[in-house]
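Now for the letters of each chain:
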Amino acid sequence: TYQTVSGQPLAGELDLGPSTDKLELGAPYGGNIDGRVVQGSNVYYLNSSVAVTANTTYFVAYQIQYLSTGDIINMYVDPTPGASNPTLTATKTLPATAPLAISNAIDMYGAGAASVATFDEIRLATTYASVSPPVPPVPTTPTSLTVVPGTNSVALSWSESASPAAFDIQRS
């Protein structure tokens, strides 16, 4: 979730790698959800056309392919959870001479003391399905519901349905 000042999104990103050789994910460069690879004095941008809207939560997934012909970074903004082939938002192929460093360092970065971006969950996985599992189907509404009042109790019964195995019943 990004915050803004005077209509401009404030920086907030997830950095992978040391400060001199890192991948910056989610940084709102130019007001869009973007990314950037910093390798010493070389900078490579992963640009999207998805504008950052204040106080909006985004689901952003990245795929990194480490290849001898040039590493590929794919970005997916708000993909459908569980989709077998999500729609690509942006991609960047690095030159073969500029491979991404493999690192065990993760840093959440903000441009100042103000609350600039929040991350409610970070997942690392080897497959998209592991990062974004399918959303379970909405259960069917019970049919033939009957209510029998008792002393300090209420008995409920209904016809069985194919899903789910149980219901949570709440009192209002």
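For the coordinates displayed, the defined rule picks out 3 salt bridges. Close ionic contact of Asp-15 with Lys-22 constitutes a salt bridge, the shortest N to O distance being 3.5 Å. Given the relative accessible area of 2%, Asp-15 is considered buried. One salt bridge in this structure joins Lys-22 and Glu-24, with 3.2 Å as the shortest N-O distance.

We now examine the sheet that holds strand E7 (residues 60–65). The sheet built from 3 strands is open, its strands ordered E7-E8-E9 with antiparallel pairing. Edge positions in the sheet fall to E7 and strand E9 (90–93), since each of these pairs with one other strand and no more. Looking at each pair of strands side by side, their axes are set apart by 10 degrees on average, direction ignored. Relative to strand E8 (residues 72–77), E7 runs antiparallel, the two being bridged by 6 bridges.

Tracing the backbone through its elements, the reader meets Tyr-44 in strand E6 (residues 42–46). Under the relative-accessibility criterion, Tyr-44 is labelled buried at 18%. In this structure, the C-alpha to C-alpha distance between Tyr-44 and Ala-98, residues 54 residues apart in sequence, is 9.8 Å. Look past the residues within four positions of Tyr-44 in its chain and what remains in contact with it is Gly-35, Arg-36, Val-37, Gln-39, Lys-92, Leu-94, Pro-95 and Ala-98.

This part takes up the packing of aromatic side chains. For the structure shown, the criterion picks out 1 aromatic pair. For the ring pair Tyr-76 and Tyr-128, a centre distance of 6.3 Å and an interplane angle of 50 degrees mean the geometry is tilted. Here Tyr-76, found in strand E8, pairs with Tyr-128, found in helix H1 (residues 128–131); they are 52 residues apart in sequence, far enough to count as distant. According to the relative accessible area criterion, Tyr-76 is buried, its value standing at 11%. With a relative accessible area of 19%, Tyr-128 lands in the buried category.

We now examine the layout of surface pockets. Quantified by volume, the largest pocket comes out at close to 1400 Å³. Lining the largest pocket are 49 residues, with Val-60, Ala-61, Tyr-62, Arg-123 and Leu-124 positioned closest to its centre. At the level of elements, strand E3 (12–16), strand E4 (21–25), E7 and H1 are the ones that each hand at least two residues to the lining of the largest pocket. The biggest single contributor to the lining of the largest pocket is E7, with 5 residues. Classifying every residue of the lining of the largest pocket gives 30 nonpolar, 13 polar and 6 charged.

Here we take up the environment of Gly-30. Assignment of secondary structure puts Gly-30 in the loop between E4 and strand E5 (35–39). Classification of Gly-30 as exposed rests on a relative accessible area of 80%. Spatially, the C-alpha atoms of Gly-30 and Asn-47 are 9.1 Å apart, while their sequence positions differ by 17 residues.

As a further point, take the nonpolar core. Formed by 15 residues in total, the largest nonpolar core has its most connected members in Leu-23, Ile-33, Val-37, Ile-73, Met-75, Leu-94 and Leu-100. Counting only elements with at least two residues in this core, the list comes to E4, E6 and E8. The greatest single-element share of this core, amounting to 3 residues, is contributed by E8. Beyond its immediate stretch of four places on either side in the chain, Val-37 contacts Lys-22, Leu-23, Asn-42, Val-43, Tyr-44, Ile-73, Leu-94 and Leu-100.

Counting buried positions over the 5 residues of E3 gives 4, a clear majority of the element. Relative to E4, E3 runs antiparallel, the two sharing 3 bridges. Each residue of the ladder has a partner; that of Asp-15, found in E4, is Glu-24. The hairpin formed by E3 and E4 contains 4 residues between the paired strands, and Gly-17 there has a positive phi angle of roughly 110 degrees.

Thresholds applied
Residues numbered from 1 in each chain as written. Predicted model: local features only at pLDDT ≥ 70, side-chain atom pairs only at ≥ 80, totals over all residues. Heavy atoms only, no water. Salt bridge = Lys/Arg side-chain N within 4 Å of Asp/Glu carboxyl O. Buried < 20%, exposed > 50% of the residue type's maximum accessible area, 1.4 Å probe, protein only. Pairing = 2+ DSSP bridges. Helix = DSSP H or I, 4+ residues; strand = E, 2+ residues; numbered from the N terminus. Axes fitted to C-alpha atoms, helices over the stretch in contact; angles between N-to-C directions. Contact = heavy atoms within 4.5 Å. Phe/Tyr/Trp six-rings, centres within 6.5 Å; stacked < 30°, edge-to-face > 60°. 1 Å grid on protein atoms, 1.4 Å probe; cavity = no way out; pocket = protein on both sides within 12 Å on 5 of 7 lines; lining within 4 Å. Points joined across faces, edges and corners; volume = space filled by probe spheres on them. Nonpolar A, V, L, I, M, F, W, Y, C, P; charged D, E, K, R; others polar. Core = buried A, V, L, I, M, F, W, Y, C linked by side-chain atoms within 4.5 Å.

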